[in-house]
Structure formats: structure tokens, C-alpha cells
Amino acid sequence: MKKVMAQVERVAASETRVCILGETGTGKELVARTLHEKSPRAGGPFVTLNCAAVPAELIESELFGHEKGSFTGAAGRHVGKFEQANSGTIFLDEIGDMPLTMQAKLLRVLEESEVERIGGEKPIRVDARVIVATHRNLETLVKEGKFRQDLFHRVYVFPLVLPPLRERRGDIPKLVETFARQVCSLNGWKPVPFSPDANQALQAYAWPGNVRELRNVVERVMLLATSGEVDLQTVQLAVPQQVSGQAGSGSLAERVQSFERDVILAELKRNSNHITNTAKALGLERSHLYKKAEQVGIDLSALRSSGS
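As the structure is a prediction and not an experimental result, all values here were calculated from the model.

1. Focus: the environment of A198
And step 1. Within the element layout of this structure, A198 appears in helix α9 (residues 196–204).
And step 2. Separated by 25 residues in the primary sequence, A198 and P173 have C-alpha atoms spaced 9.6 Å apart.
And step 3. The contact partners of A198, leaving out residues within four places of it in the chain, are V230, D231, L232 and V235.

So, in C-alpha cells, the structure goes:
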């Protein structure tokens, strides 16, 4: 990561197009934002578009905009992402999922620095640095005819490869510490340290969802922690199948129900069986908590004597 950040520092100040490569959850958007913030364009807008999240029939309008009445449902003028990013940076995430027809139109924009709104009568000049990212192998997509070679050469100028978390396990304890501090600050909780065994268990996990998954697990662990520190048992409760190495048994519904039961019981213990506080901590209404507890086999009525 030090090598990656050194590359970020080197390329940020230029107008060079950067292609960020890495698995889902490795922090591609965070790197793109850092490139923008360290660039001369930092005072301008940073505009993002996830190419995989926009339906094919809407992506042209999202990128280039449209005029009122240009198609059914176009009730007014819409300014596209490229115009929004003028004098700043546009980040096209998951560009490997962009439809081929749209790739040809994007290529023209990159070549001419002009966009044309759907239904527009003249092109509009735009000045935006383009950063792209993908979890796919673009070179393979080019060979398969799924990504235009000319567009590849336009966007694949300076590749930045983000390593998956499993290849930098030594960073995990520091990331855990950072995320735990963030979670505690956000919720007004007292910081709780992680035991050596807990950190070792987290380092042993493969992390298919990378840093994003780690952040979610840390929040789950902080919710489940019931003592003065996060121990191995709490980590195993948060990611039981993966960390313990056990395959588990039963249907998906049964396993989900078992996990929900464990979470509710842990939160009840954390709140000394106080029903209202437990419901609030879990983001539930009291009535919903009673219903969910009944579904997973917990008798909350028997706990009411301990607090309500």
C-alpha cells in the first residue's frame, strides 16, 4: 500500500488518466477521491458514476444529460455527469461493465472533450479529468470483444493495482483499530480493545469482500462485544463459518435464523436484558424485536423482570 500511495502522489498532480484495478471492496473510489484531492483540480467537483449500477438505456442520459422532451419521461433538462464534473474530476467506476454502444460514445468524448445532450442541437465543451476503475481484467475483455481496444488505450494510461486484503494481512490490526474507533465515535460507545487471539482470527480469514467487508465485520463485532475487550469468541460469533473453519449445517434460512438469535442474545446481555435499549441498539421497534425474538425462539417476556 505504501507503493500504491507513492504512485498516487506521483500521478495526482498530472492530468494523466488513471485506471484503478482491484477486487470489490479494496477502496477504488477512496483512491480516486484521493487523486482528486491531491490534484490541481481539488477545488472543483468530484463526480462519480457506477457504470454497473445504471441501466443500459439510461447511462447515456446520466453521462451526457438530455434536453426537455427528448424522450418519453424527459420532463425537464438534465445536466449529465460530465458537465457536472467540469473543472473537476469524473470517476467512472466499473467501466468494464459499460455497454459496447456506450463505449463508442464515451470514446468520442475523451477524444473531443465535448458532450452532446440527448436531444441537444450542439456539442458542449467539458474540462474534466477522467479516472476509471474496474474489478475486471480489461485486457481479457478486449480479447473477448467485450471492451473496445481503442477505448482501452484511452483509459489504461496509468494503471494502479490495489492488492486484496488477503495479500496484506499485516495491515488488518491497524485497519481494525481505525474502524473500531470510527464505529465507537459514531455511536457514542466506549472504545473496546481487540485481544491478540481476536486479531489473529481476523488475520486468518480470507476476506473475499476486502476492506469493505472488514469494516462491516468490525461494526458487527463491536455490537456483539459484551466484556472489556473483543475476544476470539466474539469474532467467531461475528463470522462463525469463515473464522472457525466449520462448514455449518442446515438451510440458509436456518443459518440466518441462528445468527439472528446469537446477535439478539448478545445485545440483550450487553444491555442487561433491557428490552427498549436492546431494540434501540438493533435499530428495531420494540414490537418488531418481540416478533423477531419469537421467530428465533427467544422468550422476551421472561426477561422483562430484568428491565423494560
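Further notes follow.
2. Looking at the packing of aromatic side chains
In this description, an aromatic ring pair is defined by two values, namely the gap between the centres and the angle between the planes.
And step 1. The tally for this structure, following the rule as stated, stands at four aromatic pairs.
And step 2. For the ring pair F46 and F91, a centre distance of 6.3 Å and an interplane angle of 15 degrees mean the geometry is stacked. Of this pair, F46 sits in strand β2 (residues 46–50) while F91 sits in strand β5 (residues 89–93), placing them 45 residues apart in sequence.
And step 3. Note on F91: relative accessible area 1%, which makes it buried.
And step 4. Arranged with centres 4.4 Å apart and planes meeting at 70 degrees, the rings of Y205 and W207 form a pair that is edge-to-face. Each member of the pair, Y205 together with W207, is buried.

3. Considering the confidence of the model for the chain
And step 1. Predicted confidence across the chain gives a mean pLDDT of 87, with 93% of residues reaching 70 or more.
And step 2. Within the model, pLDDT remains below 50 along residues 242–248, and this stretch shows twelve contacts once partners closer than five positions in the same chain are excluded.

4. Looking at unusual backbone geometry
And step 1. Of note in the backbone geometry, E94 takes a positive phi value of approximately 50 degrees without being a glycine.
And step 2. Note that E94 resides in the loop between β5 and α5 (100–112).

5. A short note on the nonpolar core
And step 1. Membership of the largest hydrophobic core comes to 32 residues, with the highest contact counts inside it found for L63, F82 and L92.
And step 2. Counting only elements with at least two residues in this core, the list comes to β1 (18–21), β2, α3 (59–64), β5, α5, β8 (129–134), α6 (138–143) and α7 (149–155).
And step 3. Top contributing element to this core by residue count: α5, with five residues.

6. Some remarks on the pattern of salt bridges
And step 1. The full count for this structure, using the stated rule, is 18 salt bridges.
And step 2. Put simply, K105 and E60 hold a salt bridge, and the shortest N to O gap is 2.8 Å. On the criterion of sequence distance, the pair formed by K105 in helix α5 and E60 in helix α3 is long-range, its members being 45 residues apart.
And step 3. Classification of E60 as partly exposed rests on a relative accessible area of 22%.
And step 4. The salt bridge partner of E219 is R215, with a shortest N-O separation of 2.9 Å. Note that E219 and R215 are positioned in helix α10 (residues 210–224) at a spacing of four residues, about one turn of the helix.
And step 5. Accessibility expressed as a relative area gives 34% for E219, which makes it partly exposed.
And step 6. Residue classification places R215 among the partly exposed residues on the basis of a relative accessible area of 22%.
And step 7. Residues joined in a network through salt bridges with shared partners are E67, R77, E83 and R117.

7. Comments concerning the side chain of E67
And step 1. Mapping E67 onto the fold places it in the loop between β3 (65–66) and β4 (78–79).
And step 2. Residue classification places E67 among the buried positions, given a relative accessible area of 19%.
And step 3. A polar atom in the side chain of E67 sits 3.0 Å from the side chain of R117.
And step 4. Residues within four places of E67 in sequence aside, it is in contact with A74, G76, R77, R117, I118, G119 and G120.

The rules behind these values
- The numbers attached to residues start from 1 for each chain and follow its sequence in the written order.
- Given that this is a predicted model, residues contribute local features only at a pLDDT of at least 70 and side-chain atom pairs are listed and counted only at 80 or more, while totals for whole chains, interfaces and linings are drawn from all residues.
- Only hydrogens and water are set aside; all other atoms, that is, all heavy atoms of the structure, feed into the side-chain values.
- Here a strand is any run of E in DSSP of at least two residues, a helix any run of H or I of at least four, and the numbering for each starts at the N terminus.
- In this description, contact between two residues means that some pair of their heavy atoms is separated by no more than 4.5 Å.
- For Phe, Tyr and Trp, where Trp contributes only its six-membered ring, two rings pair if their centres lie within 6.5 Å, and the inter-plane angle classes them as stacked under 30 degrees, edge-to-face over 60, or tilted in between.
- In this scheme, a residue with accessible area under 20% of its type's maximum is buried, one over 50% is exposed, and one in between is partly exposed, where area comes from a 1.4 Å probe on protein chains only.
- For every residue, the predictor assigns a confidence score, pLDDT, that lies between 0 and 100.
- Each nonpolar core is a collection of buried residues, namely Ala, Val, Leu, Ile, Met, Phe, Trp, Tyr and Cys, held together in the definition by side-chain atoms within 4.5 Å.
- We define a salt bridge as a side-chain nitrogen of Lys or Arg found within 4 Å of a carboxyl oxygen belonging to Asp or Glu.
- Throughout this description, a polar contact denotes any pair of N or O atoms lying within 3.5 Å of each other; where both atoms belong to protein, one of them has to be capable of donating a hydrogen while the other can accept it, and for residues adjacent in sequence the pair is counted only when both atoms sit in side chains.

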